[in-house]
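# Close look at the chain arrangement
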Amino acid sequence: MSIIEALKWRHSLKHFSPKKVDSSIIHNLIEATRLSASSYGLQPYKLLIVDDPTLLNQLSEQAFGQAQVKECSHLLILANKTHITNDLVDDYFEHHHQQTQTTEGSLAGYAEHIKTAIGSKTEEEKQTWAEQQAYIALGSLLAEAAMLSVDTCPMTGFDTAAFNHTLGLTDKDLNACVICAVGYREENMAAQNKVRLPVNEFATFL
Ligand SMILES: Cc1cc2nc3c(=O)[nH]c(=O)nc-3n(C[C@H](O)[C@H](O)[C@H](O)COP(=O)(O)O)c2cc1C
């Protein structure tokens, strides 16, 4: 299936069948999310996976009762970091040196440039920046799920403070930014119409 066909096939599922998603597929989704692009490659977010029915029921209540959260096979939570400091940049370059065999310190000038750029943001701007990066990762997750014929429902309709409390995120300097229910549609489900701007309204060649 091409990515266009997959994106036409996917829609945000409101009700999931009881079928569970295999753990190997969940690992594919984790990998697609991990491999997503992010500003400077800093990945200022984490991915949390919940499949415990009791916890899903509790989170569904904190998502205004939305059924997707309790019916899905797995709930994937993109949580942005809330404490954006130079440590984030230092951690990145530690991984960079390990994974690319560059010598430590060889990118010190670039690291300083990133620290200055991020350090010049207000706390609010840092949060917005971190959340924006998490949304890009959500796109990779949705696309990979569609390619694997796995259904999803991306969601921001939930009580962030309640999620942070239930999942113990605040103590870890994390914030539930956007969630994605993952599972399967009922087999006999009718195809859903896609509503999108016509291409001539959407894209402009300048
Ligand atoms: C960031 C974001 C938040 C969303 N929040 C919800 C939500 O809380 N509940 C819901 O049922 N759908 C939610 N959606 C799904 C959108 O309504 C859906 O993507 C849109 O209507 C387009 O339809 P489609 O995804 O089925 O093609 C959300 C989508 C995005 C991208």
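Conventions and cut-offs
- Residues numbered from 1 in each chain as written.
- Predicted model: local features only at pLDDT ≥ 70, side-chain atom pairs only at ≥ 80, totals over all residues.
- Heavy atoms only, no water.
- Buried < 20%, exposed > 50% of the residue type's maximum accessible area, 1.4 Å probe, protein only.
- Helix = DSSP H or I, 4+ residues; strand = E, 2+ residues; numbered from the N terminus.
- Arc of directions from axis to C-beta.
- Contact = heavy atoms within 4.5 Å.
- Axes fitted to C-alpha atoms, helices over the stretch in contact; angles between N-to-C directions.
- Left-handed = near helix turned anticlockwise from the far one by under 90°.
- Nonpolar A, V, L, I, M, F, W, Y, C, P; charged D, E, K, R; others polar.
- Phe/Tyr/Trp six-rings, centres within 6.5 Å; stacked < 30°, edge-to-face > 60°.
- Lys NZ or Arg CZ within 6 Å of the ring centre and 35° of its normal.

### Structural notes on helix 3 (residues 53-61)
Here helix 3 has its buried residues at Leu-56, Leu-59 and Ser-60. When helix 3 is viewed along its axis, its buried side chains cluster within an angular range of 105 degrees and face the same direction. More than 90 degrees from the buried face of helix 3, the exposed residues found are Thr-54 and Glu-61. At its buried positions, helix 3 is contacted by strand 1 (45-50), helix 4 (67-71), strand 2 (74-81) and helix 8 (160-166).

### Overview of the packing of helix 2 (residues 23-34) against helix 7 (residues 123-147)
Two numbers describe how helix 2 lies on helix 7: the axes approach to 8 Å, and their chain directions differ by 145 degrees. Here helix 2 and helix 7 pass one another in a crossing that is right-handed. Within the contact between the two elements, helix 2 uses Asn-28, Leu-29, Ala-32 and Thr-33 and helix 7 uses Ala-137, Ser-140, Leu-141, Glu-144 and Ala-145. The residue inventory of the contact of helix 2 with helix 7, partitioned by class, reads 5 nonpolar, 3 polar and 1 charged.

### So, the packing of aromatic side chains
Scanning the entire structure with this criterion turns up 3 aromatic pairs. Ring geometry for Tyr-92 and Phe-93: centres 5.0 Å apart, planes at 80 degrees, overall edge-to-face. Judged by its relative accessible area of 6%, Phe-93 falls in the buried class. Ring centres of Phe-158 and Phe-163 lie 4.5 Å apart, and the angle between their planes is 35 degrees; this geometry places the pair in the tilted category. Judged by its relative accessible area of 5%, Phe-158 is buried. On the accessibility criterion, Phe-163 (0% relative accessible area) is buried. Taken together through their ring pairs, the aromatic side chains of Tyr-92, Phe-93 and Tyr-110 make up a single cluster. Sitting over the ring of Tyr-184, Lys-19 keeps its end group 4.3 Å from the ring centre.

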